[in-house]
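# Structural features, examined
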Amino acid sequence: MKSITLKPALLGLIISSSVASVAAPVFPSPGNSRTSSHVTHVIEVKAKTAAERSRIVDLGFAIDELRSDAVYIFGKARDADTLRRAGFRATATPAKSEWFTIPQAVEAMAARFTSLTEVETQLQDLATRFPNIVEVQTLGRTNENRVTKMVRISGKSPAQAEAAKLPVIFYMGCHHAREHLSVEVPLRFAKHLVENYGRDADVTRLVDSREIYIAPIINPDGHAYDYTNGIRGRMWRKNRRRNNDGTYGVDLNRNYGYQWNTGGSSSTPSSDVYMGTAPFSEPESQNVRDFVNSQPRMTTLLSLHTFSELILYPWGWSNDSIGQNGRGNPADLPVFEKMARDMAQWNKYKPQQSSDLYIASGDTTDWAYGEHGIFAFTFELSPTSMWDGGFYPSPARIEPVFEANLKPLMYLLEFSDNPRRVLTQRAPSFLTSPAKRGVAAASFSDVQF
Ligand SMILES: [Zn+2]
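Below is a short write-up of the structure.

Rules used throughout
Residues numbered from 1 in each chain as written. Predicted model: local features only at pLDDT ≥ 70, side-chain atom pairs only at ≥ 80, totals over all residues. Helix = DSSP H or I, 4+ residues; strand = E, 2+ residues; numbered from the N terminus. Contact = placed C-beta atoms within 7 Å. Axes fitted to C-alpha atoms, helices over the stretch in contact; angles between N-to-C directions. Parallel < 35°, antiparallel > 145°, perpendicular 65-115°, else oblique. Left-handed = near helix turned anticlockwise from the far one by under 90°. Nonpolar A, V, L, I, M, F, W, Y, C, P; charged D, E, K, R; others polar. Pairing = 2+ DSSP bridges. Buried ≥ 20, exposed ≤ 12 C-beta atoms within 10 Å, placed from the backbone. Core = buried A, V, L, I, M, F, W, Y, C linked by C-beta atoms within 7 Å. Domains from an automatic or database assignment.

### A short note on the overall build of the protein
For the protein, the count of helices and strands is 14 helices and 12 strands. Long-range contacts, defined as pairs at least 24 residues apart, comprise 76% of the intrachain contacts of the protein with a sequence gap of at least 6.

What follows is the structure, given as structure tokens:
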């Protein structure tokens, strides 16, 4: 999650209706008090500029929602004191229980969020049903010694792909534990590719001419921790590293080794944006690093997060554009901009350079582009607001959010052979023709599930 822009009228509507209908306890039962009581309040902090927002992040706070005049942070009441001492206008309000609840316990609900075990089972099931194009692979081990799984999808064997120099593309979800929609979208995308292979001409062509890797859960320890009993999330963001001071967790999306610790992250272990003790100190970020390093043909990468409805591209660590001050290739900037704009036409998300929100160093995409020149994007998926589902939206949203992002994901796949050709070649008709399945994100943003 990086940030958000909320329609003021919608906000008013949702707040007033929530006040009327919700008389729930204000925050989840702690369970494990040391680790899950870290969020009891939402802090509103007045801030209008990227510089002000970056100062807030530098104080160690993860900005969970952003509006034109304020940001919102999930934390404790005393966080407001910290922010006031730093000169900000900050107000703490008790958090609402629905912000912590994975609402899939409703028996009648056909749609539901997927557990770690279920994700692994479903990936294996794809490989069992379609062994000629799907292979389950191990990305590596985690802090708690889990095995991180991903699928390789291609019509070509590894040897054939190597000989044909097929482009490699990597889709990832769930760097951050509580961002459950970021698991559902890549999981459904894997199924979409596999089940339409041999049926849909464009899917077949792309699966035959690309090597596709999909890892729905980069942070399985965090996901398993946040998914407790499938009912109440713990609002957990980081991995499950036991830090030296007894707190838990490193922010994996501040732990990558490019311009690590240059702003927008914290050296305090209890912080939600804790960078870790060193670049790539965490096995989960090492897993991604080692895999990407092993794939010299990788051209394109997408890291899925929630929430805010944004398409982000480097840099996050600097306000410089790609190519300024000798960092990156200036010719790549219009490619990133064009790709982000093109994808935004389908999901209606806002395309922008990551640091336009606030500075964040050590993230996946800065490293992938800065180190390898990979065209690397972050999506902040739906919804737009904590008042509209936040990290725990209704499972009724899973399918519409996937549908809204299918064309953007297919677009990346299409152009992964040579992203620079987006500047000279139009997207093929299967992307530009009227959507058979696409649902604009905006079409459900004013509906309360
Ligand atoms: Zn995130």
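### Structural notes on the packing of helix H7 (residues 181-196) against helix H13 (residues 398-414)
At a minimum axis separation of 9 Å, H7 and H13 run at an interaxial angle of 60 degrees. In terms of their interaxial angle, H7 and H13 are classed as oblique. You can see that H7 and H13 cross each other, and the crossing is right-handed. Only Ile398, Val401, Phe402, Asn405, Leu406 and Leu409 of H13 make contact with H7, whose side of the interface consists of Leu181, Glu184, Val185, Arg188, Phe189 and His192. Here the contact of H7 with H13 is built from residues that sort into 8 nonpolar, 2 polar and 2 charged.

### Regarding the sheet that holds strand E2 (residues 65-66)
Pairing within the open sheet is antiparallel, and its 4 strands lie in the order E2-E3-E1-E4. At either margin of the open sheet sits one strand with a lone partner, and together these are E2 and strand E4 (90-94). By the bridge criterion, 2 bridges tie E2 to strand E3 (residues 70-75) in an arrangement that is antiparallel. Within E3, the residue paired with Leu66 across the bridge is Val71. Together, strand E1 (41-46), E3 and E4 form the strand contacts of helix H4 (residues 77-85), whose direction differs from that of E4 by roughly 175 degrees.

### Focus on the pairing of E1
The two faces of a sheet get side chains in turn, since along a regular strand they alternate between them. In terms of residue burial, E1 counts as a mostly covered element, since 5 of its 6 residues are buried. In this structure, E1 lies alongside E4, joined through 5 bridges in antiparallel fashion. Following the sheet pairing, Val45 is matched in E4 by Ala90.

### A few points about the environment of Asn319
Summarising the element assignment, Asn319 is placed in the loop between strand E10 (310-313) and helix H11 (333-347). With 40 residues separating them along the chain, Asn319 and Ile359 place their C-alpha atoms 7.4 Å apart.

### Remarks on the nonpolar core
Ranked by internal contacts, the top residues of the largest apolar core, which has 121 residues, are Ile73, Ile153 and Ile214. With 10 residues, H13 is the single largest residue contributor to this core. Two domains each donate at least three residues to this core, and these are domain 1 (8-97) and domain 2 (116-444). In this structure Ile214 touches Met150, Val151, Ile153, Tyr171, Pro186, Phe189 and Ala190, once residues within four positions along its chain are discounted.

### What about helix H10 (residues 283-293)?
For H10, a buried count of 8 out of 11 residues is recorded, marking the element as mostly surrounded by other parts of the structure. Of all the residues in H10, the buried ones are Pro283, Glu284, Ser285, Asn287, Val288, Arg289, Phe291 and Val292. Contacts made by the buried residues of H10 are with strand E5 (134-141), strand E6 (147-153), strand E7 (168-173), strand E9 (298-306) and helix H12 (364-372).

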